[in-house]
Amino acid sequence: MSNTPSPTATNQDFPTVRQAVILAGGQASRLRPHTDRVPKALVQVAGRPILEHQAHWLAAEGIEDVVVSCGHLAEVLKEYTATHPLPLRVRIVVEDEPLGRGGGLKHAARQLPHPDERWAGLNGDILSRFSLRDLARTHVERSALATIAVTPLKSPYGVVELSSDDRVTRFDEAPVLPHWINAGVYLFEPEVTGLLPDLGDHEDTTFPSLAAQDRLTAYRINGYWRGVDNAKDLKTASAEITAFGWLAGAGAEAA
């Protein structure tokens, strides 16, 4: 799913976010054989690993430190980050057993260098280009404890539109539907770390609790977003990034 790329915000008055967690613990079986020898974070999109695309976007948005939570082929990821320069500091933490998304976030967040500061979290299988600074601004303005970036839901199927007497009036190939989905990018206040589950999914535990307290908000992405869940997504994302002219090290700046 993609939107027209938007400029990266540079307003120095925006709230500071300088640390992030990336979830990269899954086995990504739907991306095999690409993930037989490398973790999902190192699957290449337009000639660059997903992690590298994410690192350049995050660095352009002011992130200085990233902690990556991983399990599957963790040693491969450790070797890659030790031998390939990235525009921010990266630390790898290993899940000895699968912790779930919420547990993975908590496990990695405990290793962030600034435990008293807010932090961003993102899934390790997404590609984005939007203003993380603007997300932080709205997050602070709304006094949220957590903010979820959301993106429009695009139908995986073509839609047939009908008249009242069932005559076909139009075909619409994969339209955008009037719903929003979790884009897998979050912003958390530091106290949220302790509210995340040790094991399990934060969407089943932490988020419903925060929503009941009116402390969970959403940010509608104005920019590019693509989830890379399967071979078709990988092919589409590679074509999109190539068409946009995003090279490693210049992706965010070219947005």
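Residues numbered from 1 in each chain as written. Predicted model: local features only at pLDDT ≥ 70, side-chain atom pairs only at ≥ 80, totals over all residues. Heavy atoms only, no water.

Further remarks concern the sheet that holds strand E12 (residues 216–220). Pairing within the open sheet is mixed, and its 7 strands lie in the order E5-E4-E1-E6-E11-E8-E12. Across the chains shown, the open sheet's two edge strands, defined by having one partner strand only, are strand E5 (89–94) and E12. Neighbouring strand axes in the sheet, compared pairwise and without regard to direction, differ in orientation by 30° on average. Looking at chain direction, strand E1 (residues 19–24) and strand E4 (residues 65–70) are connected through 6 bridges and run parallel. In the strand pairing of E4, alanine 24 is matched with cysteine 70. Across the sheet, helix H2 (residues 74–83) lies against E4 and E5, angled at about 165° from E5, the strand it touches most. (Pairing = 2+ DSSP bridges. Helix = DSSP H or I, 4+ residues; strand = E, 2+ residues; numbered from the N terminus. Axes fitted to C-alpha atoms, helices over the stretch in contact; angles between N-to-C directions. Contact = heavy atoms within 4.5 Å.)

Attention now goes to the environment of asparagine 182. In this structure, asparagine 182 sits in strand E11 (residues 176–188). Since its relative accessible area comes to 27%, asparagine 182 is described here as partly exposed. For the pair asparagine 182 and alanine 149, spaced 33 residues apart in the sequence, the C-alpha separation amounts to 6.4 Å. For asparagine 182, the residues in contact, after removing those within four places along its chain, are Ile148, Ala149 and Glu203. Within the structure, the side chain of asparagine 182 is placed 3.1 Å from the side chain of tyrosine 186, a separation counted as a polar contact. (Buried < 20%, exposed > 50% of the residue type's maximum accessible area, 1.4 Å probe, protein only. Polar contact = N/O pair within 3.5 Å; in protein donor to acceptor, adjacent residues only side chain to side chain.)

Despite not being glycine, serine 143 shows a phi value in the positive range, around 55°. Note that serine 143 resides in the loop between helix H4 (132–141) and strand E8 (146–154). Its identity as a non-glycine residue notwithstanding, alanine 174 has a phi of 50°, on the positive side.

This brings us to helix H3 (residues 100–109). Extensive coverage of H3 is indicated by the burial of 7 of its 10 residues. The set of residues buried in H3 consists of Gly102, Gly103, Gly104, Leu105, Lys106, Ala108 and Ala109. Lining the buried residues of H3 we find E1, E4, E5, strand E6 (119–123) and E11.

The next point concerns the pairing of E8. Judged by how many residues are buried, E8 sits mostly within the fold: 7 of 9 residues are covered. Bridge count between E8 and E11: 7 bridges; the pairing is antiparallel. What sits directly across from isoleucine 148, in E11, is tyrosine 186. With 5 bridges joining them, E8 and E12 adopt parallel strand pairing. When the sheet's bridge partners are listed, isoleucine 148 is paired in E12 with alanine 218.

It is worth spelling out the side chain of threonine 193 at this point. By secondary structure assignment, the location of threonine 193 is in the loop between E11 and helix H5 (206–212). Engagement of the side chain of threonine 193 in a polar contact is seen with the side chain of tryptophan 119, the distance being 3.0 Å. Not counting chain neighbours up to four residues away, the residues in contact with threonine 193 comprise Lys106, Ala109, Arg110 and Trp119.

Side-chain pairs of opposite charge can arise whenever the charged atoms involved come near each other. Tallied over the full model, the rule gives 18 salt bridges. Where aspartate 65 meets arginine 89, a salt bridge forms, and the shortest distance between an N and an O atom there is 2.7 Å. Pair noted here: aspartate 65 is in strand E4 and arginine 89 is in strand E5, with a separation of 24 residues, a long-range link. Between arginine 137 and glutamate 141 there is a salt bridge whose closest N-O contact spans 3.1 Å. Separated by 4 residues within a single helix, arginine 137 and glutamate 141 lie in helix H4, roughly one turn from each other. Taking relative accessible area as the criterion, arginine 137 reaches 26% and is therefore assigned partly exposed. Residue glutamate 141 is classed as exposed on the basis of its relative accessible area, which comes to 56%. (Salt bridge = Lys/Arg side-chain N within 4 Å of Asp/Glu carboxyl O.)

A complete count under the given rule lists 7 aromatic pairs for this structure. Note on tryptophan 119 and phenylalanine 188: the rings are 4.7 Å apart at their centroids and 55° apart in plane angle, and the pair reads as tilted. Placement of the pair is tryptophan 119 in strand E6 and phenylalanine 188 in strand E11, with a sequence separation of 69 residues. Of the two residues examined, tryptophan 119 and phenylalanine 188, each falls in the buried class. Taken together, the ring pairs in this structure connect Trp119, Tyr186, Phe188 and Phe207 into an aromatic cluster. (Phe/Tyr/Trp six-rings, centres within 6.5 Å; stacked < 30°, edge-to-face > 60°.)

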